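The primary structure of each chain is shown beneath.
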Amino acid sequence: MIFNFRFIFFFLCSIFIQLAASAQVIKGLVQDAKTHEPLPFANVFLNNTTKGTVTDTKGEFLLRSIGEPGSYELVVSFVGYDSYKVKINISEKEIMSASIGLVPSKQELTNVDVKASRDKVWEKQLKRFEKVFLGDDKLADSCKILNPWVIDFVQEKSGKMLAYAQEPIQIENKALGYSLFFYLKYFWMDRTGYFIVGNVRFVEKQSVDEKEFMNWQINRKISYLKSRQHLFKAIIDQRIQGEGFRIYSDNNPSATTTIRSAMFKDNLGKVVFPYDTTAIVAPGKDNTYKINLKGKVEVHYQNQRALVRTYRDISYPVSWIRLNNNSVVVNKDGYELNPTDVIVSGDMSSDRVSRMLPLDYKPTNVSTLKDESGEFLSQFQEKIYVHTDKPYYYPGEPLWLKGYINYNTPSLRDSLSSTVYVELINPQKEMVLSKTLEIDHGLFNNDLILPDVLPAGTYYLRAYTTFSRNFGDANLFLKPIPVLGPNDKADPNQMLSPLVEDSLLRITLDKQKYKPREKVTLTLQLLAEDGLPISANLSMSITDNQVVPIVEPVSLVKDFPFSEKDKHKNLVASYPVEYGFSFTGRFLNDKGKPEIAILNGIQFNPQNLVFTQSDEKGIFSISGLHFYDTAIFALKADKAKDAPYGKIELVERNAAAMDFKIVDLKVDLLPIKSPKRMVTEYEVPRGTRLLNEVEIKASRINVDATDYRIKRPYGKPDYVLKGKDINTGYGNLLFSLQGKFPGLNVRQANNEGQLSRWVVYLQRGLSILNPAEVLITVNNAIMTGTPESILSAINPNTVESIELKSGVNVLYGGLGGNGILAIYTKTDVSDEQVIKAPNFQQIKVPGYSPARRFRYPDYDDPETDKAQPDFRSTIYWNPNVINDPKTGLATVSFYTADLAGSYRVVVQGITQQGEPVMSEYFFEVDR
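Everything numeric here is computed off the predicted structure, so don't read it as measured data.

A few words on unusual backbone geometry. A positive phi angle, close to 65 degrees, is found at Asn325, a residue other than glycine. Mapped onto the elements of the fold, Asn325 is located in the loop between strand E21 (318-323) and strand E22 (327-331). Of note in this structure, Lys429 is not a glycine but carries a positive phi near 60 degrees. You can see Lys429 is positioned in the loop between strand E27 (419-425) and strand E28 (431-438).

Right under this line is the structure:
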């Protein structure tokens, strides 16, 4: 029987690409090189990493938060077109622009005589290919090629077998938890060896099983240990012996004999000599290193037992490495940037595709499944303490909070959890409120507005990371929070133990007594015992002691440090470290039944490629996300053709178990039954709302800045920026505003002793180090939070116009004194217009909760509404007080309220060395 088959021959495609020198953000356009038609849903990714995206319907793409600086390969792929890759250098701040034109793959047909037994021959060739390509060990047994039909084989008369793939080879690696797309360029194998060349895109799988993820971590660690990457990382860190390696030269020209013995001790000093590693590393550009190894090098790894012994007298694995040109270039994690220059044999040659790890894999992220002593997991332990503005609350009040995270290994502060969950739990152990917050340098802050109808009782504030659950849900941070009834009044004379004070943290005021509504200037100074200043990140709460008389049952000084009670044994590491926001979903087929399916699509705001797989229960997860408020995800199942297949829905987050002891924290009440607390406009402003992001792809409405007919509450703007003039390639409005308005500064502030942050302000000759920032409004609504957090959450595509009012505006009082940046969004777009493809389904996913700004009156401002009653119980709250590292000083100002009496100041925080500090102070307000 004769069949006619097509053989496809690839020719070099034409690429037109303009790249900046380096970038942390890559944006660009992919199009047909001849017709200039855009290529939607083309794959754009960094070779051998988990960083990738796809082009939109206009052929445009945006690749953000690429990773650490260094050298990478940008790969562009589209079905029917030749793939292309180009080397790029990634820096921290710069932006790269690319215009890429792809040429269709040319095809040539030929007749091929095929016998009926061809399928059996192909299947036999496939088995040989898989054994070499995937590997031949337990990890390889968990690997599966999902689309083997894209692979063709050619058997040469010399015995060499060649393999080609017309499309990316899709590989599911169940052992390591990755899905791989391998773009095979060249493969051959014979009896003497093999050769594999290609590009690969990694997609990290998400697990809903409590132990599966940690099994992946263990297998990744197994794959990493004794690998080439592990060896090269040990070399550049000068920890060769510390990591268990020994390096020898086996071709020393002074050797007197070449006869090998089965005993290593007999070869040492005769044909094998210790290699001098004192000067084999030279630093390069962009966090790269050049490793020089001359000739053939023998590598021993002494921390593992070999299955097959190379020498009779040693039980550990042995490998040989030869470098083309006697050198290899690696990044700071030991990953080779020119892997074809590395030739290995021996034990390392068994590391095939089943053991491949992405370029951005971090070996420090590895945990062990079972840890009987608890010593291993304790290195990664995170301990949380939360400072609240008050010890008890009334319904309807805001609960302001600042979180501090202590790390058993302080150097891992920026390498562990990025997400924390804060919950308010009622006396029946039911969740009342919950927020997902982003951790920044081990800190977080936000607020919870208590429901107006909350019954009185002892509630519980709980905070934890997913990884901290490995130490038991009963050991999470928990703080009793009494909630009083509307008619209850706490007895200010009840006796409770005082706070633990730190004599090194001094609090002074410009006066000892104040009148109601009078300005107070408070100064903090933190000095060491030798009198030298100490820098710290502090939170400050000032309350009316007559309204808030009780003292917290926990304190930072007592509960922040690690102690004996934090040591645990017989741990099972079931919960992974979250390096971003995560969510879980469920996939049901057209019959409403759970089904295993590959799901892929696009995340909008910011745009990113999404790839995951549901299990037999239909559950899937997506992690590593970073967005605020709400983002839209467009997903489709692999079986979806011209219409959606099945149903995709969100699943409620798996919160920690309510495994804690009930503590009824009693508050002594006075026998007065009349309303004692009224929440003011300053505490919970009426009408304030947060903007939800909406990604739109509709025609823009052009606003003529010269034809001012729209009434604005702040009057006529000084400058107007139309939507069509906004650079939408950055993905958020913060970066798009730079240089767009005269006098408006959008820059990154890196003040000494302060965390790095973006500031948006008008330059009027005021402080450059701590400028007063503009007020942000969206559709005339005042937005809470910093300009950085607000503008970062807004997609430029949703904006119709932006207006700047640089003069002082009386309508917003002191809030508008530093200028107003008014944003107006498009209103004629529906969610269905986000993506036109009919086989996609959309889901809306809530992300991180942005922080709200604490508001208080400014009675020196003539525009302040002085007729409004001021019965604030929290006079002042500031979660980010950072003192001057040169003097140890920090100064804040605020105004007293209407009620006279004693005011209490509580300051808590941690120094740059991670030590907790706390102090308490009282002052009087007298009529």
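Before going further, it helps to spend a moment on the pairing of E21. Among the six residues that make up E21, five are buried, leaving the element largely enclosed by the rest of the structure. The pairing of E21 with strand E23 (residues 342-346) spans five bridges and is classified as antiparallel. Looking at E23, one finds that Ser319 is bridged to Gly346.

For the rest of this paragraph, the subject is the packing of aromatic side chains. Summed over all chains, the structure comprises 35 aromatic pairs. Consider the rings of Phe129 and Phe187, whose centres lie 4.8 Å apart with planes at 65 degrees: the pair is edge-to-face. Placement of Phe129 in helix H1 (residues 118-133) and of Phe187 in strand E14 (residues 178-189) is noted, with a sequence separation of 58 residues between them. The class of Phe187 is buried, set by a relative accessible area of 1%. Ring centres 5.8 Å apart and planes at 55 degrees place the aromatic pair Tyr628 and Tyr848 in the tilted group. Here Tyr628 is found in the loop between strand E40 (619-625) and strand E41 (630-637), whereas its partner Tyr848 is found in the loop between strand E50 (841-846) and strand E51 (874-882), with 220 residues between them in sequence. By relative accessible area, which is 24% here, Tyr628 ends up partly exposed.

Time to look at helix H4 (residues 228-236). Turn by turn, an α-helix covers 3.6 residues, leaving residues three or four places apart pointing in a common direction. Taking burial as the measure, the nine residues of H4 include eight buried ones, the bulk of the element. Taken together, the buried positions of H4 are occupied by Gln229, His230, Leu231, Phe232, Lys233, Ala234, Ile235 and Ile236. Where H4 terminates, the next one or two residues include Gln238, which has phi positive at roughly 55 degrees.

Taking 1.5 Å per residue as the helical rise, helix H3 (residues 212-224) with its 13 residues ought to reach 18 Å, and the 18 Å between its terminal C-alpha atoms agrees with that figure. Inspection of H3 places Phe213, Met214, Trp216, Gln217, Asn219, Arg220, Ser223 and Tyr224 among the buried residues, and these make up the whole buried set. In this structure, the buried side of H3 is in contact with helix H2 (138-141), E14, strand E15 (194-204) and H4. At the C-terminal side of H3, Lys226 shows a positive phi close to 65 degrees.

Ranked by internal contacts, the top residues of the largest apolar core, which has 39 residues, are Ile384, Val386, Leu401, Val422, Phe444 and Leu448. Contributions of two or more residues to this core are made by strand E25 (382-388), strand E26 (398-407), E27, E28, strand E29 (443-449), strand E30 (457-464) and strand E31 (477-483). For this core, the element with the most residues is E26, which contributes five residues. Leu184, Met189, Phe202 and Met356 belong to the second largest nonpolar core, which has 30 residues in total.

Read across the open sheet, the three strands follow the order E5-E2-E8; overall the sheet is mixed. Looking along the sheet, the strands with just one partner apiece sit at the ends: strand E5 (60-63) and strand E8 (95-102). Averaged over neighbouring strand pairs, the angle between their axes works out to 20 degrees when direction is ignored.

Conventions we followed
- Here, residues in each chain are numbered from 1, in the same order as that chain's written sequence.
- Note on the predicted model: pLDDT of at least 70 is required for a residue's local features to be given, and 80 or more for side-chain atom pairs to be given and counted; whole-chain, interface and lining totals, by contrast, use all residues.
- Hydrogen atoms and water are omitted, and side-chain values are computed over all heavy atoms in the structure.
- In this description a helix means any DSSP run of H or I spanning at least four residues, a strand means any run of E spanning at least two, and both kinds are numbered starting from the N terminus.
- Exposure categories follow from relative accessible area, calculated using a 1.4 Å probe and restricted to protein chains: below 20% of the type maximum is buried, above 50% is exposed, and the middle band is partly exposed.
- Note on pairing: DSSP must find at least two bridges between two strands before they are called paired.
- Any Phe, Tyr or Trp ring, taking Trp's six-membered ring, that has another such ring centre within 6.5 Å forms a pair; planes under 30 degrees apart are called stacked, those over 60 apart edge-to-face, and the others tilted.
- Multiplying 1.5 Å by the helix residue count minus one yields the expected span of that helix.
- By the convention used here, residues are in contact when the closest approach between their heavy atoms is within 4.5 Å.
- Working definition of a nonpolar core: buried Ala, Val, Leu, Ile, Met, Phe, Trp, Tyr and Cys residues. They are joined through side-chain atoms within 4.5 Å.
- All axes here are fitted lines through C-alpha atoms, helices being fitted over the stretch that makes contact, and every angle between N-to-C directions spans 0 to 180 degrees.

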